[in-house]
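Tertiary structure, described
Single-letter residue listing:
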Amino acid sequence: MSGRRVLVTGGAGFIGSHYVRAVLAGDYSAYADAEVTVLDKLTYAGNPANLADMRCEFVWGDLCDPELLAKVVPGHDLVVNFAAESHVDRSIAGAADFVRTNVLGVQTLLQACLEAGTSRIVQVSTDEVYGTIDSGSWDEDAALRPRSPYAASKAGGDLVARAYAITHSLPVSITRCGNNYGPRQFPEKVIPLFITRLLEGRKVPLYGDGGNVRDWVHVEDHCRGVQLVAERGEPGEVYHIAGTAELTNRELTERLLRACGRDWDMVEYVADRKGHDRRYSLDDSKLRGLGFAPRISFDEGLAETIRWYADHAEWRISPSAGQKRDY
Ligand code: NAD
């Protein structure tokens, strides 16, 4: 169907830019001719180069700006919110921006959607809102027990979305996904941090005993899950998007070392992250019931990701500098 207009907030970031690419590449047949608008504040994590060859309209602005949203949101059939402060370690150092964007920003966006009569909205969220689980998996009704300021702010945004769906019948659904990896992820998160360091022959910092477990989802699989929820999800409902590889950080490190031709002498054990969640695990049967299955195996996705960072030396910056990339 032609003529659809999609607003992607946070579309200059890692996952949002993959989503924009997929829409514009025609990967989602129902939106093959869609026009895309990106609204992004371009924080340190947003990068216009992610959208350089894309035919989309770009609006530089803040999710928390109601006047701007009142101008931008009307006319879009689908709004997908990827905009967020997204890094746990930064939320431990300072949580104010997290609460502002991830809670107030979501409310500001949903209010603008309500006033514009937007027919479909997806709020993109995370498995971290549930806290930590030693065994088994959470379903979508599990209690929200966030343990980091990042997770708490995402849970806050999710609850605002739920309230707008119930109170105002706003057609917003929520997705919660595991840890993403893939090209163009800012090298502060573990996979791109370790890859870029190992490619440069620098040591990598492994938290605590390395026993924390994460479920890895290729970014393109995540985006397909988000799109399926946009097309077939029920308003007010939550959908899980799980990955293809549940690994301890030690196992992940072992794979990265092997793939980069390095040994354990490149690993430096560092003090554990404060409040570090031990394990996340999502039961994704609800989304599978709509026809979803991840397509990219971890081995294949990781090899492709390493090749991408090897070919893009400009992404090898020091994340501790916390500065904007220089392009
Ligand atoms: P990212 O940090 O790479 O990108 C976030 C984008 O949002 C950036 O482009 C940034 O400039 C923009 N942004 C931040 N504050 C803004 C504001 N106030 N107004 C407008 N734009 C703003 O994050 P990501 O990894 O692409 O994550 C996208 C979404 O997916 C987030 O909501 C995150 O919570 C969720 N998520 C991420 C993962 C993961 O592993 N990365 C896993 C599950 C869910």
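Residues numbered from 1 in each chain as written. Predicted model: local features only at pLDDT ≥ 70, side-chain atom pairs only at ≥ 80, totals over all residues. Heavy atoms only, no water.

What follows concerns the domain arrangement of the protein chain. Per the domain assignment, the segments of the protein chain are domain 1 (5–180 + 219–241) and domain 2 (187–214 + 245–280 + 297–320). For domain 1 versus domain 2, the separation of C-alpha centres amounts to 26 Å. Contacts between the two partners involve 20 residues from domain 1 and, on the opposite side, 14 residues from domain 2. Here domain 1 meets domain 2 over a buried area of about 1400 Å², counting both sides, of which 40% is carbon and sulfur. Three residues, His87, Ile92 and Arg147, lead the burial of domain 1 against domain 2; their summed loss comes to 27% of the area buried on that side. Counting the contacts that link domain 1 with domain 2 gives three salt bridges. Here Arg147 ties to Asp277 by a salt bridge, and the two come within 2.4 Å at their closest N and O atoms. Ranked by residue count, the leading element in the side of domain 1 that touches domain 2 is helix H3 (residues 88–93), at four residues. Here the residues of the side of domain 1 that touches domain 2 are counted per class, giving five nonpolar, nine polar and six charged. (Domains from an automatic or database assignment. Contact = heavy atoms within 4.5 Å. Buried area = accessible area lost by both parts, 1.4 Å probe. Salt bridge = Lys/Arg side-chain N within 4 Å of Asp/Glu carboxyl O. Helix = DSSP H or I, 4+ residues; strand = E, 2+ residues; numbered from the N terminus. Nonpolar A, V, L, I, M, F, W, Y, C, P; charged D, E, K, R; others polar.)

Sheet architecture is open: three strands sit in the order E7-E9-E11, paired in mixed fashion. Both edges of this open sheet fall to strand E7 (179–181) and strand E11 (245–248), since each of them pairs with a single strand only. The average undirected angle you get between the axes of adjacent strands in this sheet is 40°. As paired elements, strand E9 (residues 213–218) and E11 share four bridges and run antiparallel to each other. Directly across from Trp216, in E11, lies its bridge partner Ala245. Against the sheet, helix H7 (residues 219–232) makes contact with E7 and E9, and its axis sits at roughly 75° relative to E9, the strand it touches most. (Pairing = 2+ DSSP bridges. Axes fitted to C-alpha atoms, helices over the stretch in contact; angles between N-to-C directions.)

Helical periodicity: at 3.6 residues per turn, an α-helix aligns residues three or four positions apart in one direction. With 14 residues, helix H10 (residues 298–311) ought to run about 20 Å at 1.5 Å a step, and its terminal C-alpha atoms sit 20 Å apart, in line with that. Residues Phe298, Gly301, Leu302, Thr305, Ile306, Trp308 and Tyr309 constitute the buried set of H10. Taken around the axis of H10, the buried residues stretch over an arc of 160°, which confines them to a single face. Exposed and oriented more than 90 degrees from the buried face of H10 are Asp299, Arg307 and Asp311. Taken together, the buried residues of H10 touch E7, helix H6 (190–199), E9, E11 and helix H8 (249–259). (Expected span 1.5 Å × (residues − 1). Buried < 20%, exposed > 50% of the residue type's maximum accessible area, 1.4 Å probe, protein only. Arc of directions from axis to C-beta.)

Bringing the site of the ligand into the picture now. Contacts to the ligand come from 29 residues, most closely from Ile15, Asp40, Ser86, Tyr150 and Lys154. Here an oxygen atom of the ligand and a backbone polar atom of Leu42 are 3.4 Å apart. Here Ala84 contributes a backbone N or O atom positioned 3.4 Å from an oxygen atom of the ligand. Taking 830 Å² as the accessible area of the ligand by itself, protein coverage stands at 97%. Those elements giving two or more residues to the shell around the ligand turn out to be helix H1 (14–24), strand E5 (120–126), helix H5 (149–168) and E7. A per-element tally of the shell around the ligand places E5 first, with three residues. Taken together, the residues of the shell around the ligand sort by class into 12 nonpolar, 13 polar and four charged. (Near = heavy atom within 4 Å. Polar contact = N/O pair within 3.5 Å; in protein donor to acceptor, adjacent residues only side chain to side chain. Areas by Shrake-Rupley, 256 points an atom, 1.4 Å probe, with all protein chains shown as cover.)

What follows covers the pairing of strand E4 (residues 78–81). Burial along E4 is two-sided: the residues Leu78 and Val80 and Val79 and Asn81 are all buried. Pairing of E4 with E5 involves four bridges; the strand directions are parallel. For Asn81, the partnering residue across the bridge sits in E5 and is Gln123.

A few words on the packing of helix H4 (residues 96–116) against H5. The N-to-C vectors of H4 and H5 enclose an angle of 20°; their axes lie 7 Å apart at closest approach. Here H5 runs roughly parallel to H4, going by the angle between their axes. The element H4 and its partner H5 pack so that their crossing is right-handed. Along the contact surface, H4 presents Phe98, Val99, Asn102, Val103, Val106, Gln107, Leu110, Gln111 and Leu114, while H5 presents Tyr150, Ser153, Lys154, Gly156, Gly157, Val160, Ala161, Tyr164 and His168. (Parallel < 35°, antiparallel > 145°, perpendicular 65-115°, else oblique. Left-handed = near helix turned anticlockwise from the far one by under 90°.)

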